[in-house]
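Spelled out, the chains give:
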Amino acid sequence: MDDLLADFLTETNEGLVALDAALVKLERCPDDRPTLSEIFRLVHTIKGTCGFLGLSRLEHVAHAAENVLGKYRDGSLVVTGDGITLVLSSLDRIKMIVSGIERTGSETAGDDQPLIAALDAASEGRSPPPAASAPEVSLAVEVAPEPAEIAAPILRAETPPLAEPESSSGTSLAPQTIRVTVDVLEDLMTLVSELVLTRNQLMQLVRASGDNAFAVPLQRLSHITTDLQEGVMKTRMQPIGNAWAKLPRLVRDLSLELGKKIELDMRGAETELDRQVLELIKDPLTHMVRNSGDHGLETPAQRRAAGKPDAGRIILNAYHEGGHIIIEVGDDGRGLPVERIRQKVLANGLATEAELAGMAEHEIQRFIFRAGFSTAAAVTAVSGRGVGMDVVKTNIEKIGGTIELRSREGRGTTFIIKIPLTLAIVSALVVAAGGERFAIPQIGVLELVRVGGGGGAAVERVNDTPVLRLRERLLPLVSLATLLRLDAVPEGNGDAAFVIVTQVGPHVFGIIVDRVFDTEEIVVKPVAPILRHVTMFSGNTILGDGSVIMILDPNGIARATGVGADDLGEDQAAAAIANARSNARTAMLLFRAGDATPKAVPLGLVARLEDIAAEQIEMSAGHPVVQYRGKLMPLIPIGGHWMPPEPGARQSVLVFNERDRALGLMVDEILDVVEERLTIESQQDQPGFLGSAVIAGKVTEVLDCAYWLHQAGEDWFGPEARQQASARVLIVEDSAFFRNLVVPTLSSVGYEVTAVDDAMAALRLREAGHSFDIIISDIEMPGMDGFAFAAAVREGGPWRDLPLIALSGRAGAADVARGREAGFTDYVGKFDRGAVLRSLADCLAHVGA
Amino acid sequence: MQTNMQTGTQPGPPASRGAVPAEDAGIVFLTLTVAGKPCAVPALVVRDVLGPQTITRIPLAPPEVAGSLNLRGRIVTAIDLRRRLGLPPREAGAPAPMSVVVEHGGELYSLLSDAVGEVVPLHARDAAPNPPTLDPLWREVSKGVHRQDGRLLIVLDVERVLAFGPM
């Protein structure tokens, strides 16, 4: 039975009860105008609704009764006892038909003609036909329960349904609904929340006192409380379809307005969630559907051109997953235009070009969640009014949810919203930091890691910033005590602590706490208005032991620490290929060798880190070597005086690789891998080092790899490379570090190398008439970048046909394509020394041929 | 564990002075002491008077907020009156403060006081405006002073007392 019919039945039954009373009252004082009007209105409503629902039997009976009542009302007919009886009998008929609908879902068959004829006769002022007039009295008195005694012919037809009055009340198909105001439900929920808290409190007391006398009844109470909680929760649940009800109309209007064909596909509309949550996501959902139609989908012409069907699809999908509901809003449109977003980001100054260059596509796409961001070129009536995805994101985060997106250009965009089923009661982890306890909702917690206190993982520091190496990932950490400006309390368990690994959007970070207690069901209560500005908390609650506890908001923590600010996610930057621009961050391996000064080498140059047992190190012609992967690997000590390690000790070795050859640099200790801006402060004459830089807060010597590789012997770079001697190479590179790295590398194999630090300087060389055989250029440079430089070279002049090799920290397929478009002959990753040499050889050979 | 002195049942002078003329029946006030200073708040806004409570500190909250406490399942924000009134902090080892719980804007707040006195009607004839030389901080939260049994009571304006920090 559909909802509409169920509502109708509820309403009609209410109306019929009121009618019975009113008619009896009317009979007593026939001149009571207001009562008459009320009766007329009630019958009219029933008639109108059943006409709308296509219940023709009901409609006809109600219509005939309404006619009589209409005459009474306008005074053209005098109210008589007979007339009232007749109207009452028509109400009984209506009740009968209604109960039939309740049982079967549709109108039962039956003949109402005699009744209608009697009513019509009454309304025309005639005396009712005998057939109808005979049973009048019995009809009025005996409303229904004993059908056998009602001999009236007009009721005969209805005998079958009336023969089973018990079943009609007992097994009625109609959902027996009553109307309850939302306030009552809210109050119930609040009471149940309090009950849950009290139950928790009692449980804790009993556990503490160990009094068994209460254990059993308390267990019972606990079960009942849980059941009650679920029951009350159910009363608040509504299908998400309710929030979607307006969307088909909205999409239809949209498609007309935009001249697009749009199909709306709604799946999982029956998925239920708390009505409070439902109310809160209604607007964001509407906004997103509107966005999909407006920005996401193309016009039919564009779609045809792209080989897609004319009609675009907007797909809404809802389903349960764990304690959450997932709502997907997707379209099969054009996808997010990464290039447009990039330009907009630049234009709005949200990120620099260098930062953007280091970002993956999905990170750039996430910029649409930033405030004041709309990619719609034109502001249409539909969307693009400044209220954008940032508002959607904020609203969803407000209710403890998360939003992510998947988009492929040309294929469409899907937003994935994950929200808790209910806001009222959540499961939370109770933790302690700085001597205070806090609750953290479990939705955000990925895992718990015990750190310190001997064994297992340990918190490390990168320039005083704590990090945790967790399964090959460098996890940024925040200390809760520091963040909340609490005094660190010596806990007596050494440095042992816990890291709560938390995810906010795509950002994963760890929160350091002193202790972890238990999980508890908590009821989130809003904080007092004077504390609303503290965004670190989403609310507060009362624990089982009766104490008040603050509830942490992972989103707020992420914002406060800059982790989830949707700008350059540090962890992603680390994952990106190390970008070696002088002002960009470079992953550096820190180690100690010889003296106490830490030393550093770009991680990208190091193939592997090895720990070699002292026994494996052998001497060959006075030099230490090790058998490594079936070959002999020369080992070179850094720091001059190398003493073979004690037997049983191990030697740390940085392994550099070149085709099938390997070279090991022996160091005393590997310290860390850090991500730092590499600025070589002072050049120095000490061979083997490029100079010093401040890394991780300490003065660190930066290794000159070329020098050390050279130590391995003349033929290190292989015979092929040496054959390419004597070509003249121009290197355009803004980073001193790379000039210092590449120049010696190339010089050592015989190239004649000239290095300049920017494109303008290179072009000045061209004006001055210098000539070269090949040019290697960096891409990301201040002023004129590599692409512009290539275009300038290709434009004309003596260098027009020179091979051009792009050297960049990023060498993805897209970058290579872009480089070739700009005029580069080849595109090589910065750290791939072998590739640089190969590319040089290839390009030169090609020119020579 | 909580000494629940409902203000309505508080014994004291008001009962004995029942026959005050209607127009000067005065408003009933609850007297309290903050760092030795006698103060008063309108008894009508007071919901509860509690003995020392376990108070949960709230990090990053304004300094005037001492924390929050549990009053029969409702969370009450505790305001340190000494801090709010610019008075020296409680000496170490001093007895824990009492809570005068007031309702404001649908929320419960506890005004932490060193001692809670009695419920007294104060008469308009004993009232005097704030002396102009009163400390600005006090002037902001005081409705005036009252003579009572030979001492001067500062009548606190609860709404103003709670108006601090970023609202």
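The model shown is predicted, which means the values in this text are computed figures rather than measured ones.

### Thoughts on the overall build of chain B
If you tally the helices and strands in chain B, you get four helices and eleven strands. A burial count over chain B gives 35% of its 167 residues as buried. Within chain B, contacts between residues at least 6 apart in sequence are counted, and of these 59% link residues at least 24 apart.

### Considerations on the overall build of chain A
When its secondary structure is counted, chain A shows 30 helices and 35 strands. For chain A, the residues scored as buried account for 39% of the 849 residues in total.

### Let's talk about the interface of chain A and chain B
Listed per partner, the contact involves 21 residues of chain A and 20 residues of chain B. Of all elements in the fold, only α11 (182-209), β17 (537-542) and β18 (548-552) of chain A reach the threshold of two or more residues within the side of chain A that touches chain B. Here the side of chain A that touches chain B takes three residues from β18 of chain A, the largest share from any one element. Residue composition of the side of chain A that touches chain B, by class: 13 nonpolar, four polar and four charged.

### What to know about the sheet that holds strand β4 (residues 65-71) of chain B
The strands making up a sheet associate through hydrogen bonds between their backbones, and the pairing can be parallel or antiparallel. Residue and element names in this part refer to chain B. The mixed open sheet is built from five strands, whose spatial order is β3-β6-β7-β5-β4. Two strands in the sheet have a free side with no partner beyond their single neighbour: β3 (46-50) and β4. For this sheet, the mean angle separating the axes of adjacent strands, direction not counted, is 30 degrees. Examined bridge by bridge, β4 and strand β5 (residues 74-80) share six bridges and lie antiparallel to one another. Bridging from a neighbouring strand, Leu69 pairs with Val76 of β5.

### Some details on the packing of helix α3 (residues 56-73) of chain A against helix α5 (residues 113-123) of chain A
Residues and elements named next belong to chain A. The interhelical angle for the contact between α3 and α5, taken along N-to-C directions, is 15 degrees, at an axis separation of 8 Å. Judged by the inter-axis angle, α3 sits roughly parallel to α5. The handedness of the crossing between α3 and α5 is left-handed. Here α3 contributes His60, Val61, Ala64, Ala65, Asn67, Val68 and Lys71 to the contact with α5, which in turn contributes Leu115, Ile116, Leu119, Asp120, Ala122 and Ser123.

### So, the UniProt feature "modified residue: 4-aspartylphosphate" (unreviewed entry) in chain A
Residues and elements named next belong to chain A. Within this structure's numbering, the places UniProt gives as "modified residue: 4-aspartylphosphate" (unreviewed entry) are Asp778. Looking at the secondary structure, you find Asp778 in strand β33 (residues 774-778). Asp778 gets classed as buried once you count the C-beta atoms within 10 Å, which come to 27. Those residues in contact with Asp778 that lie beyond four places of it in its chain are Val732, Glu733, Asp734, Gly786, Leu807 and Ser808.

### Brief notes about the nonpolar core
Membership of the largest hydrophobic core comes to 93 residues, with the highest contact counts inside it found for Val41, Ile79 and Val100 of chain B. Among the elements that line this core, the one with the most residues is strand β14 (residues 497-504) of chain A, at six residues. When we break this core down by domain, the ones giving at least three residues each are domain 2 (182-236) and domain 4 (425-572) of chain A. Sequence-distant contacts of Val100 of chain B, defined by excluding residues within four places in its chain, comprise Leu30, Leu32, Val41, Val46, Val49, Ser110, Leu111, Ser113 and Val116 of chain B. By size, the runner-up hydrophobic cluster in this structure holds 67 residues, among which are Val601, Ile612, Phe824 and Cys843 of chain A.

### Observations concerning unusual backbone geometry
The backbone phi angle of Arg485 of chain A is positive, close to 50 degrees, even though this residue is not glycine. With respect to the helices, strands and loops of the structure, Arg485 of chain A is situated in the loop between α21 (480-483) and β14. In this model, Ala35 of chain B sits at a positive phi of 50 degrees, which is unusual for a non-glycine residue. Tracing the backbone through its elements, the reader meets Ala35 of chain B in the loop between β1 (27-34) and β2 (37-42). Ala35 of chain B gets classed as partly exposed once you count the C-beta atoms within 10 Å, which come to 16.

### Some words on helix α20 (residues 389-398) of chain A
Residues and elements named next belong to chain A. Among all positions of α20, only Met389, Val392, Lys393, Ile396 and Glu397 are buried. The arc that holds the buried residues of α20, viewed along the axis, is 125 degrees, so those residues lie on one side. Among the structural elements, α15 (275-296), β6 (402-408), β7 (412-420) and α22 (554-561) are those in contact with the buried residues of α20. Immediately beyond the C-terminal end of α20, within one or two residues, lies Gly400, with a positive phi of roughly 75 degrees.

### A word on the environment of Gly819 of chain A
Inspection of the secondary structure assignment puts Gly819 of chain A in helix α29 (residues 813-822). Since 26 C-beta atoms lie within 10 Å of it, Gly819 of chain A is described here as buried.

### So, the pairing of strand β34 (residues 804-808) of chain A
Along any regular strand, the residues point their side chains to alternate faces of the sheet. All names here are of chain A. For β34, the tally of buried residues reaches five of five residues, placing the bulk of the element in the interior. Burial of β34 is two-sided: the residues Leu804, Ala806 and Ser808 facing one way and the residues Ile805 and Leu807 facing the other way are all buried. Bridge analysis of β33 against β34 gives four bridges, and the strand direction is parallel. Its bridge partner lying in β34, Ser777 is registered against Ala806. Note that the unit made of β33, helix α28 (residues 786-795) and β34 has a crossover that is right-handed. Note that β34 and strand β35 (residues 826-829) share four bridges and pair parallel. Across the sheet, the residue bridging to Leu807 is Val828, located in β35.

### Notes on the pairing of β7 of chain A
All names here are of chain A. Within β7, seven of the nine residues are buried, which leaves it mostly tucked inside the rest of the structure. Where β6 meets β7, seven bridges bridge the pair, whose relative direction is antiparallel. Residue pairing for β7: Thr402 is matched across the bridge by Lys418.

### Regarding the confidence of the model for chain A
Residues and elements named next belong to chain A. Summing up the model confidence of chain A, the mean pLDDT is 75 and the portion of residues at 70 or higher is 80%. Low pLDDT, under 50, characterises residues 377-386; the predicted model gives this stretch 18 contacts beyond four residues in sequence or across chains. Note on residues 716-725: pLDDT under 50 across the span, and 21 contacts to partners over four residues away in sequence or across chains.

### Let's talk about the sheet that holds strand β4 (residues 312-321) of chain A
Residues and elements named next belong to chain A. Taken in spatial order, the five strands line up as β2-β4-β5-β7-β6 in an open sheet, and their pairing is mixed. Of all strands in the sheet, those with a lone pairing partner are β2 (262-267) and β6, marking the two edges. Between one strand and the next, the sheet's axes are offset by a mean angle of 15 degrees, whatever the strand orientation. Examined bridge by bridge, β2 and β4 share six bridges and lie parallel to one another. Bridge pairing in β4 places Leu264 opposite Ile314. Running over the sheet, helix α14 (residues 247-258) touches β2 and β4 and is turned about 165 degrees from β2. Most of the contacts of α15 go to strand β5 (residues 324-331), to which it runs at about 20 degrees, and overall it touches β2, β4, β5 and β7.

### A word on the packing of α14 of chain A against α15 of chain A
Residue and element names in this part refer to chain A. Where α14 contacts α15, the two axes come as close as 10 Å, and the packing angle between them is 30 degrees. With respect to their mutual orientation, α14 and α15 come out roughly parallel. Handedness of the crossing formed by α14 with α15: right-handed. Residues Leu247, Leu250, Val251, Leu254 and Leu258 of α14 lie in contact with α15, whose contacting residues are Thr286, Val289, Arg290, Gly293 and Asp294. Looking at side-chain class alone, the contact of α14 with α15 contains six nonpolar, two polar and two charged residues.

### Let's talk about the environment of Pro95 of chain B
Residues and elements named next belong to chain B. Here Pro95 is to be found in the loop between α2 (81-84) and β6 (98-104). Classification of Pro95 by C-beta neighbours within 10 Å gives exposed; the count is 10. Considered as a pair, Pro95 and Pro52 are 43 residues apart in the sequence and their alpha carbons are 8.4 Å apart.

Thresholds applied
Residues numbered from 1 in each chain as written. Chains lettered and ligands numbered in written order. Predicted model: local features only at pLDDT ≥ 70, side-chain atom pairs only at ≥ 80, totals over all residues. Helix = DSSP H or I, 4+ residues; strand = E, 2+ residues; numbered from the N terminus. Buried ≥ 20, exposed ≤ 12 C-beta atoms within 10 Å, placed from the backbone. Contact = placed C-beta atoms within 7 Å. Nonpolar A, V, L, I, M, F, W, Y, C, P; charged D, E, K, R; others polar. Pairing = 2+ DSSP bridges. Axes fitted to C-alpha atoms, helices over the stretch in contact; angles between N-to-C directions. Parallel < 35°, antiparallel > 145°, perpendicular 65-115°, else oblique. Left-handed = near helix turned anticlockwise from the far one by under 90°. UniProt positions renumbered as here; feature names shortened; annotations may be inferred. Core = buried A, V, L, I, M, F, W, Y, C linked by C-beta atoms within 7 Å. Domains from an automatic or database assignment. Arc of directions from axis to C-beta. Right-handed = clockwise from strand over helix to strand, strands pointing away. pLDDT = per-residue confidence, 0-100.

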